[in-house]
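Analysis of the macromolecular model
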Amino acid sequence: MDKETEFLNILQQNTELMMIVEEVSKLNLPHWYIAAGSVFQTVWNAQEGKPLMNEVHDIDLVYFDSHLSADESKIADKALENFLSVKFGYQFDVHNEAQMHLWHGTDRLPYTSCENAIERWIATVHAIGITQTQTGLRYFAPYGLDDIFSRTIRPLVHDDITREMYLAKAKKWQERFQGLTVLPWPDDKD
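So, here is what we can say about the structure in this document. Since the model is a prediction, treat every value here as computed from it, not as a measurement.

Procedures and definitions
Per chain, the residues get numbers from 1 upward, laid out in the order the sequence is written. Owing to the predicted nature of the model, reporting of local features is limited to residues with pLDDT of at least 70; listing and counting of side-chain atom pairs is limited to 80 or more, with chain, interface and lining totals taken over all residues. Only hydrogens and water are set aside when side-chain values are computed; all heavy atoms of the structure are taken into account. Only one rule defines a salt bridge in this text: a Lys or Arg side-chain nitrogen within 4 Å of an Asp or Glu carboxyl oxygen. In this text, helices come from DSSP runs of H or I with a minimum length of four residues, and strands from runs of E with a minimum of two, each type numbered from the N-terminal end. The classification of residues rests on relative accessible area computed with a 1.4 Å probe and restricted to protein chains. Under 20% of the type maximum is buried, over 50% is exposed, and intermediate values are partly exposed. All axes here are fitted lines through C-alpha atoms, helices being fitted over the stretch that makes contact, and every angle between N-to-C directions spans 0 to 180 degrees. What sets the label is the angle itself: under 35 degrees gives roughly parallel, over 145 gives roughly antiparallel, 65 to 115 gives roughly perpendicular, and the rest give oblique. Contacts are assigned to residue pairs that have any heavy atoms within 4.5 Å of one another. Note on residue categories: nonpolar means Ala, Val, Leu, Ile, Met, Phe, Trp, Tyr, Cys or Pro, charged means Asp, Glu, Lys or Arg, and polar means any other residue, Gly included. In these notes, a set of buried Ala, Val, Leu, Ile, Met, Phe, Trp, Tyr and Cys residues joined through side-chain atoms within 4.5 Å is what counts as a nonpolar core. Two strands pair if DSSP finds at least two bridges between them. By convention, orient the strands away from the viewer: a clockwise path from the first strand over the helix to the second makes the crossover right-handed.

The next thing to look at is the pattern of salt bridges. All chains considered together, the criterion is met by eight salt bridges. In this structure, Glu48 and Lys50 form a salt bridge, with 2.8 Å as the shortest nitrogen-oxygen distance. The closest approach of N and O atoms between Asp160 and Arg120, which form a salt bridge, is 2.9 Å. Residue Asp160 is found in the loop between β6 (152-153) and α8 (163-176), and its partner Arg120 is found in the loop between α6 (114-118) and β4 (129-133); the two are separated by 40 residues along the sequence. Judged by relative accessible area, Asp160 falls into the buried class, the value being 5%. Note on Arg120: relative accessible area 16%, which makes it buried. Residues participating in the shared-partner salt-bridge network are Glu48, Lys50 and Arg151.

Below, the discussion takes up the packing of helix α1 (residues 3-13) against helix α3 (residues 37-48). For the pair α1 and α3, interaxial distance at closest approach is 9 Å and the crossing angle is 90°. The angle between α1 and α3 falls in the class roughly perpendicular. Here Phe7, Ile10 and Leu11 of α1 lie close against α3, whose contacting residues are Val39, Thr42, Val43 and Ala46. When grouped by side-chain class, the residues that make up the contact of α1 with α3 number six nonpolar, one polar and no charged.

What follows deals with the nonpolar core. In summary, soluble globular proteins display a tendency toward joint burial of nonpolar side chains. Of all hydrophobic cores here, the largest spans 46 residues; its most connected members are Phe7, Ile34, Trp44, Ile128 and Ile130. Apart from residues lying up to four places away in sequence, Ile130 is in contact with Leu11, Leu17, Met18, Val21, Trp32, Tyr33, Ile34, Val39, Leu137, Arg138 and Tyr139. Listed in part, the 15 residues of the second largest apolar core include Ala36, Met100, Trp121 and Ala127.

Take the pairing of strand β3 (residues 91-96) next. Of all six residues making up β3, five are buried, and the element is well covered by its neighbours. Note: strand β2 (residues 58-63) against β3, six bridges, orientation parallel. The residue of β3 that forms the bridge with Val62 is His95. In this fold, β2 hands off to helix α4 (residues 70-88), which returns the chain to β3; that crossover is right-handed.

Turning to the pairing of β4, a few remarks are in order. As judged from the two bridges shared by strand β1 (residues 33-35) and β4, these two strands associate in the antiparallel manner. Opposite Ala35, over in β4, you have Gly129 as the bridge partner. The pairing of β4 with strand β5 (residues 136-140) spans five bridges and is classified as antiparallel. What sits directly across from Thr133, in β5, is Gly136.

Have a look at this one:
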């Protein structure tokens, strides 16, 4: 079985995550993804024979709506977080990626789409999103699926991420999952 088929099969076995995807699809958010940890950690849990939502601490939901202001986005995001957290019992982090460059409080370039945001996250395994379309479950993985399946934490080096951010995230994953290979930040010496 190829990795794409295996990946989608594993995700579809995660009934909790699929219920969340189904609910989010009813919200009519523009250009949305369930992304990051709940997605790639489903694969890691399947590899370890654990419940598929084991050690998933939050659910990241991103969407892209350039028609909302930063203030409107914050209000909408909080309302969605509260609604979804109560409904499903997980902490939700909801963000309109059209406004995230302002949320970070830096001089970051604005994202042009959810895909542009995802490809600028912390690590290759982290840069993953799933969405529901009329034809079924679809995923976006700009760096492929190999690192997810091999449990390799590889930094994405760009202006939005620092060495400290990468190492902090990698440490959190290592505390929750066994057998991870964490690649060094490029400037670090072996």
